[in-house]
Amino acid sequence: MGQTLIRIIGALRPHHFLVTVLCPPSASRSAHFSLITTMSRPAPPASSLEHPANTPAVLLRVFYLAASLLILAIQLVPALRRRFLVYGSRTTPTGKSAPSEEPAQKTALDTLLDDFAAIQVPHNYFTHFYITSVISSLFWGLWLRVWTTPGQLQVVWMLMLLQGVRRLLESDAYTSKSKSRMWFVHWLLGIAFYLAMNVSIWIEGAHQGPRHWSTTMLVPAVLTAHVFQHSFHAYLYRLRSEKKGYQLPSHPIFTNLLCPHYTCEVLIYTFLSFLAAPDGRWVSWTMVCGTIFVASNLGVTAWGTKEWYAEKFGQDKVGHRKRMVPWIW
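Owing to the predicted nature of the structure, the values given are computational and were not obtained by experimental measurement.

What counts, and at which threshold
- Residues numbered from 1 in each chain as written.
- Predicted model: local features only at pLDDT ≥ 70, side-chain atom pairs only at ≥ 80, totals over all residues.
- Heavy atoms only, no water.
- Helix = DSSP H or I, 4+ residues; strand = E, 2+ residues; numbered from the N terminus.
- Buried < 20%, exposed > 50% of the residue type's maximum accessible area, 1.4 Å probe, protein only.
- Contact = heavy atoms within 4.5 Å.
- Areas by Shrake-Rupley, 256 points an atom, 1.4 Å probe, with all protein chains shown as cover.
- Axes fitted to C-alpha atoms, helices over the stretch in contact; angles between N-to-C directions.
- Parallel < 35°, antiparallel > 145°, perpendicular 65-115°, else oblique.
- Left-handed = near helix turned anticlockwise from the far one by under 90°.
- Nonpolar A, V, L, I, M, F, W, Y, C, P; charged D, E, K, R; others polar.
- Core = buried A, V, L, I, M, F, W, Y, C linked by side-chain atoms within 4.5 Å.
- UniProt positions renumbered as here; feature names shortened; annotations may be inferred.
- Salt bridge = Lys/Arg side-chain N within 4 Å of Asp/Glu carboxyl O.
- Arc of directions from axis to C-beta.
- Phe/Tyr/Trp six-rings, centres within 6.5 Å; stacked < 30°, edge-to-face > 60°.

Peer 1: Looking at this structure, how should I read the overall build of the protein?
Peer 2: A count of helical and extended segments in the protein gives 10 helices and five strands. Residue burial in the protein is summarised as follows: out of 329 residues, 43% are buried. In the protein, once contacts between residues fewer than 6 apart in sequence are set aside, the share between residues at least 24 apart is 74%. Element-wise, carbon and sulfur atoms account for 66% of the exposed surface of the protein, whose accessible area totals about 18,500 Å².

Next comes the structure, spelled out in structure tokens:
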């Protein structure tokens with residue numbers, strides 16, 4: 001038989017095509033026909049970068065929310081809170097608290113919890129968090145060839161890299177040489193958080209081009225939060241180093257909030273949650289879950305910080321100050 005000519009007429013609807021198959025005149029009479037058929041093919045699977053409900057994104061959300069619930073559960077149980085959540089300045093004796101009453105005899109559970117809480121690392125291991133963040137940002141930037149990705153992803157990636165670099169430099173410049181320690185799970189959670197966050201910024205996909213409102217409003221907002229947080233960290237370091245110890249902050253912002261640097265941290269990730277939103281949505285829910293973790297972790301720390309300040313400097317000087325949320329909490 002002669003050569004068959006196949007001609008695609010055009011697409012009827014997505015992934016369906018009208019195909020005309022014609023046999024040449026030289027073929028036998030029975031072979032003379034015109035066959036019109038519709039051929040269908042399934043749509044290609046959505047890329048994991050574009051699908052909002054992909055498995056990695058779900059796992060990241062579960063991690064953030066489970067870690068947040070764990071922190072809040074420990075906070076609600078005094079026996080767990082004093083063993084596992086106190087670190088840094090809050091481990092420094094105030095000299096004004098009444099001696100704690102030790103149980104006449106420890107139970108097996110008390111001994112087990114004490115032994116578990118005794119597994120600690122130096123508090124200055126916080127630097128590892130930011131080293132991890134910077135390395136992770138650079139790795140994913142190269143792996144994803146971020147310079148070829150949509151503009152919105154480039155913006156979020158650069159802001160996340162900025163966060164890691166700034167906090168790394170601050171931890172080197174402002175971390176005290178104290179011998180305070182923290183529970184090793186804090187260290188592991190911090191490492192896991194920064195590894196996860198550097199994936200969360202792109203796992204749901206990014207908007208195909210910079211949104212006008214996000215570039216004109218949210219990017220300056222993120223940078224402003226960076227500037228304020230840096231100034232608060234610098235102020236606290238000067239206060240501690242110049243006065244040779246912990247002092248009650250007297251900065252104009254600190255007269256209303258005890259932990260405005262924590263507020264800035266939560267705001268940074270809140271703004272990034274909007275900037276990292278994929279097409280068709282206003283927010284990245286994976287980033288929102290990450291922000292919930294940040295707020296839970298720092299909220300618990302702020303709660304303990306106010307308790308410590310009140311114990312050291314007096315309730316009359318601290319009681320009216322809010323922890324993180326102006327005029328509310």
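Let us keep going from here.
Peer 1: Whenever I open this one, the packing of helix α6 (residues 184–203) against helix α9 (residues 285–313) confuses me. Can you help?
Peer 2: Packed helix pairs are characterised by how far apart their axes lie and by the angle those axes make with each other. For the pair α6 and α9, interaxial distance at closest approach is 9 Å and the crossing angle is 150°. Classified by the interaxial angle, the pair formed by α6 and α9 is roughly antiparallel. In the crossing of α6 with α9, the sense of the turn from one axis to the other is left-handed. Packed against α6, whose contacting residues are F193, M197, S200, I201 and I203, the element α9 presents T286, M287, G290, F293 and V294 at the interface. Here the contact of α6 with α9 is composed, by residue class, of seven nonpolar, three polar and no charged.

Peer 1: I tried to follow the nonpolar core on my own but got confused; where do I start?
Peer 2: Y64, F193, Y269, L272 and L275 are the most contacted members of the largest nonpolar core, which has 64 residues in total. Excluding its chain neighbours within four sequence positions, the residues that come into contact with L272 are V156, L159, M160 and M287. Core analysis: the next-biggest nonpolar cluster, separate from the first, contains six residues, F232, Y235, L239 and C264 among them.

Peer 1: What is the right way to look at the packing of helix α1 (residues 55–76) against α6 in this model?
Peer 2: Axis separation between α1 and α6 bottoms out at 10 Å; the angle between their running directions is 140°. Note that α1 runs across α6; the crossing there is left-handed. Here α1 contributes P56, A57, L60, F63, Y64 and A67 to the contact with α6, which in turn contributes L189, A192, F193, A196, M197, V199, S200 and I203. For the contact of α1 with α6, a count of residues per class yields 13 nonpolar, one polar and no charged.

Peer 1: Looking at this structure, I do not really get unusual backbone geometry. What am I missing?
Peer 2: Among all residues except glycine, the phi angle is most often negative; among peptide bonds, the trans geometry is most common. Residue R145 is not a glycine yet carries a positive backbone phi of 50°. Tracing the backbone through its elements, the reader meets R145 in the loop between α4 (126–143) and α5 (151–174). Owing to a relative accessible area of 46%, R145 belongs among the partly exposed residues under this scheme. Even without being glycine, W327 reaches a positive phi, approximately 65°. Assignment of secondary structure puts W327 in the segment after α10 (315–318).

Peer 1: How should the UniProt feature "transmembrane region" (unreviewed entry) in the protein be read in this particular structure?
Peer 2: The positions UniProt marks with the feature "transmembrane region" (unreviewed entry) are residues 58–80, 129–146, 181–203, 215–236, 257–276 and 282–303. The annotated region residues 129–146 carries 83% helix and 0% strand content, and the separation between its end C-alpha atoms amounts to 23 Å. The distance from the first to the last C-alpha atom of residues 181–203 is 34 Å, and the span holds 87% helix and 13% strand.

Peer 1: So what exactly am I meant to see when it comes to the pattern of salt bridges here?
Peer 2: Two side chains with opposite charge may pair up if their charged atoms get near one another. Counted by the stated rule, this structure contains eight salt bridges. Taking the shortest distance from any N to any O, the salt bridge between D114 and K106 comes out at 2.7 Å. Look at D114 and you get partly exposed, because its relative accessible area is 23%. Two residues, R323 and E307, come together in a salt bridge whose shortest N-O distance is 3.9 Å. Of this pair, R323 sits in the segment after α10 while E307 sits in helix α9, and the two are 16 residues apart along the sequence. Here R323 falls in the buried class, since its relative accessible area comes to 12%. A relative accessible area of 40% places E307 in the partly exposed class. Among the charged side chains, a salt-bridge network with shared partners connects R83, K106, D110 and D114.

Peer 1: Before we go on, may I ask you to explain helix α3 (residues 108–117) in this structure?
Peer 2: Each α-helix turn comprises 3.6 residues. Residues three or four places apart therefore point the same way. All of the buried residues along α3 are D110, L113 and A117. The buried residues of α3 occupy an angular sector of 70° when the element is viewed end-on, so they sit on one face. Along α3, the residues that are exposed and aim more than 90 degrees away from the buried face are A108 and L112.

Peer 1: For this particular structure, what's the right way to read the packing of aromatic side chains?
Peer 2: Any two aromatic rings considered together are summarised by their centre-to-centre distance and by the angle between their planes. By the definition in use, this model includes 26 aromatic pairs. The interplanar angle of 50° and the centroid separation of 5.5 Å between the aromatic rings of F63 and Y64 together place this pair among those described as tilted. Judged by its relative accessible area of 0%, Y64 is buried. Grouping aromatic residues by their ring pairs yields a cluster made of F63, Y64, F126, F129, Y130, F193, Y194, Y269 and F293.

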